[in-house]
Amino acid sequence: MNTGGRLEGRVALVTGAARGLGYEIAKRLAADGAAVFLGGRDSEALHGACESIDGIARPLPFDITDAAATAAAFATLEEGGLDILVNNVGERDRRSLEDITRADMARLLDANLVAPFDLARRAGPLMRARGYGRIINITSIAAEIARGDAAYTASKGGLAALTRALAAELGRDGITVNSVAPGYFATEANAAMVADKAIAEHLARRTSLGRWGEPHEIAGAVAFLASPDASYITGQSIAVDGGYLAHF
């Protein structure tokens, strides 16, 4: 897809971009003209993903929960600047409350909330220097509603609150901060759930569109928020959920 190069000359970092939603987001930003760094822990998978993207895409292997590795990654980004940050990485632990330990909770908060905070903190000065900044956090409809899943739900709710706080703090620098909240998406990580007929029946009843989302369907919302078209939108959340939050 080519949307006229509306991100031509912009530099983007998408975390967790080797596969799934992150890959589709990176692919779309590159199609819109941005030079995209694909972040993730699996170097081989990142190289393969970059090779399959039509546009400027470079692998940037690092673990967002490793402070030293994150600092090294941003040292690389400083060379060419950064305009767009997509905090896509998200870990999940679906076990019940009784089975999740304090250490488990800390690990999810580190990946889903503390690391995005750290990346945004590091991205701000680079964006300020270039006079253009877009931070987009991938939250979840679990930030708004819950069915248990306490650790994940709390971490994504925190990320939604962080989005609003960063929008308030960074707006004076011309940096917008928004979130995209996915619903049920048919990614590789959800393959077992996609194969579950009971879940398909649930979505048929519970969503307005009556189906799973396809990974590429997340990318348009992110690309819009990253573009000049969204220059007066900040502190907001866009649910890309097939109508899950609206439907009852």
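Here's a quick rundown of the structure. Here, residues in each chain are numbered from 1, in the same order as that chain's written sequence. Totals for whole chains, interfaces and linings use every residue, but because this is a predicted model, local features are given only for residues with pLDDT of at least 70 and side-chain atom pairs only at 80 or more, for both listing and counting. Derived side-chain values reflect all non-hydrogen atoms in the structure, with water molecules and hydrogen atoms excluded from consideration.

### Things to note about the overall build of the chain
Applied cut-off: Numbered from the N terminus, helices here are DSSP runs of H or I no shorter than four residues, and strands are runs of E no shorter than two. For the radius of gyration, the atoms used are the C-alpha atoms, and the globule rule reads 2.2 Å times the number of residues raised to 0.38. Burial status follows relative accessibility: with a 1.4 Å probe on protein chains alone, a residue under 20% of its type maximum counts as buried, one over 50% as exposed, and anything between as partly exposed. Here, residues are in contact when the closest pair of their heavy atoms is within 4.5 Å. Using a 1.4 Å probe, the Shrake-Rupley method yields the accessible areas, and only the shown protein chains count as cover for residues. Two residue types count as positive, namely Lys and Arg, and two as negative, namely Asp and Glu; His and chain ends fall outside the count. A single reference atom marks each charge: NZ on Lys, CZ on Arg, CG on Asp, CD on Glu.
Per the secondary structure count, the chain includes eight helices and seven strands. Scaling as 2.2 N^0.38, a compact globule of 248 residues should have a C-alpha radius of gyration of about 18 Å, and the chain matches this with 17 Å. Overall, the C-alpha framework of the chain stretches about 50 × 40 × 40 Å when taken along its three principal axes. Counting all 248 residues of the chain, 50% fall into the buried class. For the chain, restricting intrachain contacts to residue pairs at least 6 apart in sequence, the fraction spanning at least 24 positions comes to 70%. Looking at the chain as shown, the accessible area adds up to about 11,600 Å², and 53% of this sits on carbon and sulfur atoms. Charged side chains of the chain number 25 positive and 30 negative; the gap between the two group centres comes to 4 Å.

### Things to note about the side chain of Thr70
One can find Thr70 in helix H3 (residues 67–78). When its relative accessible area of 0% is taken as the criterion, Thr70 is described as buried. Residue contacts for Thr70: discarding those within four places in its chain leaves Phe62, Asp63, Ile64, Asp118, Leu119 and Arg122.

### Remarks on the pairing of strand E4 (residues 84–87)
Which entries qualify depends on this criterion: At least two bridges found by DSSP between two strands are what make those strands a pair.
Of the two faces of E4, the one lined by Ile84 and Val86 and the one lined by Leu85 and Asn87 are each fully buried. In this structure, strand E1 (residues 11–14) lies alongside E4, joined through three bridges in parallel fashion. Each residue of the ladder has a partner; that of Ala12, found in E4, is Ile84. Here E4 pairs with strand E5 (residues 133–138) via four bridges, running parallel. Within the sheet, the bridge partner assigned to Leu85 lies in E5 and is Ile135.

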